[in-house]
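Coordinate inspection notes
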Amino acid sequence: MNNYNRLRTWIEQGNVTIPQLFFQFYKELHITDDEAILLMHLIAFHEEGNDFPTPYDLKARTHFAANDISMKLQRLLQKGFLEITQGVDVNGKIFEKYSIYPLWDRILMLLETKQLASTEADQKNEEGEIYSMFEQEFGRLLSPIELETIGMWIDNDHHSPAMIKEALKEAVLAGKISLRYIDRILFEWKKKNFTSVKQVEQHSEQFRKRTMTQHQHQHQPTSKPAPKAAFYNWLEERD
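Residues numbered from 1 in each chain as written. Predicted model: local features only at pLDDT ≥ 70, side-chain atom pairs only at ≥ 80, totals over all residues. Heavy atoms only, no water.

Scanning the chain for helices and strands turns up 10 helices and two strands. Going from N to C terminus, the chain has its helices and strands arranged as α-α-α-α-α-β-β-α-α-α-α-α. Taking all 239 residues of the chain together, 29% fall into the buried category. Counted over contacts in the chain with a minimum sequence separation of 6, partners at least 24 positions apart contribute 52%. (Helix = DSSP H or I, 4+ residues; strand = E, 2+ residues; numbered from the N terminus. Buried < 20%, exposed > 50% of the residue type's maximum accessible area, 1.4 Å probe, protein only. Contact = heavy atoms within 4.5 Å.)

What follows deals with the pattern of salt bridges. If you walk through the whole model with that rule in mind, you get 11 salt bridges. Among the salt bridges present, the one from lysine 114 reaches glutamate 28, with a minimum N-O distance of 2.9 Å. Here the residue lysine 114 occupies a position in helix α6 (residues 101-138), and glutamate 28 occupies one in the loop between α2 (20-25) and α3 (33-47), the gap between them amounting to 86 residues. By relative accessible area, which is 35% here, lysine 114 ends up partly exposed. The exposure class assigned to glutamate 28 is partly exposed, which follows from its relative accessible area of 39%. For lysine 72, the salt bridge is made with aspartate 68, and the minimal N-O distance between the two is 3.6 Å. Separated by four residues within a single helix, lysine 72 and aspartate 68 lie in helix α5 (residues 66-79), roughly one turn from each other. Among the residues examined, lysine 72 registers a relative accessible area of 6% and is labelled buried. (Salt bridge = Lys/Arg side-chain N within 4 Å of Asp/Glu carboxyl O.)

This next bit is on helix α1 (residues 3-12). Little of α1 is tucked away: zero of the 10 residues are buried. Positive phi shows up at glycine 14, right after α1, with a value of about 75 degrees.

A word on helix α9 (residues 179-191). Along its 13 residues, α9 runs 18 Å from first to last C-alpha, staying within 8% of the 18 Å computed at 1.5 Å per residue. Three or more residues of α9 are buried, namely Leu179, Tyr181, Ile182, Ile185, Leu186, Glu188 and Trp189. (Expected span 1.5 Å × (residues − 1).)

Attention shifts here to the environment of isoleucine 18. With respect to the element layout, isoleucine 18 can be found in the loop between α1 and α2. When its relative accessible area of 22% is taken as the criterion, isoleucine 18 is described as partly exposed. Along the sequence, isoleucine 18 and methionine 40 sit 22 residues apart, while their C-alpha atoms lie 7.4 Å from each other. Isoleucine 18 has contacts with Phe23, Met40 and Ile43, leaving out every residue within four places of it along the chain.

Encoded structure:
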């Protein structure tokens, strides 16, 4: 057989696609290596158009005995990684087939749980950074009431750690480092539906530009240097 025919034969056999997540998580789902091999063979048979291979079909491609295969398939069904469903062919005849969708659902659930845990861990670390930043700017340890206030911003008012850090930054720049001022900043931002630091920066920049423009109009004939950028006083009501 020449190389062209060999390559053609290889291509015509097709490929079996197995998600990478399967290899990452099947051990964590307590699927044994033997069970994993059977699942991969079921996927291969499905790609060939055989959705319900018998234990003897699987025995022909593995080193397992037929009885052993039957027990392993039964365990996979009991564990909820495999199910037997029914279909109807073109002639209206009902047939049974293996479905591995329960396995994919379990893997996705595990992945979502891991992502949620990772997000929560990141949030806890970021919350810890907030307390450290406040103590650094205050130059002392926070009192129990101050700790409780910051905790309420996070848990009750649902201000993001990034917004709390930005509010602290605004207070420092304005020379008004107090929880009362920072609390009002967060209140004003929530009232204005600000949910990101970018929105805050845009609002402050617009205020500073308006302030600079007004000053230029009022002192146009003079050659006085432009004033330093004004800071938005969040304790004053503005439209």
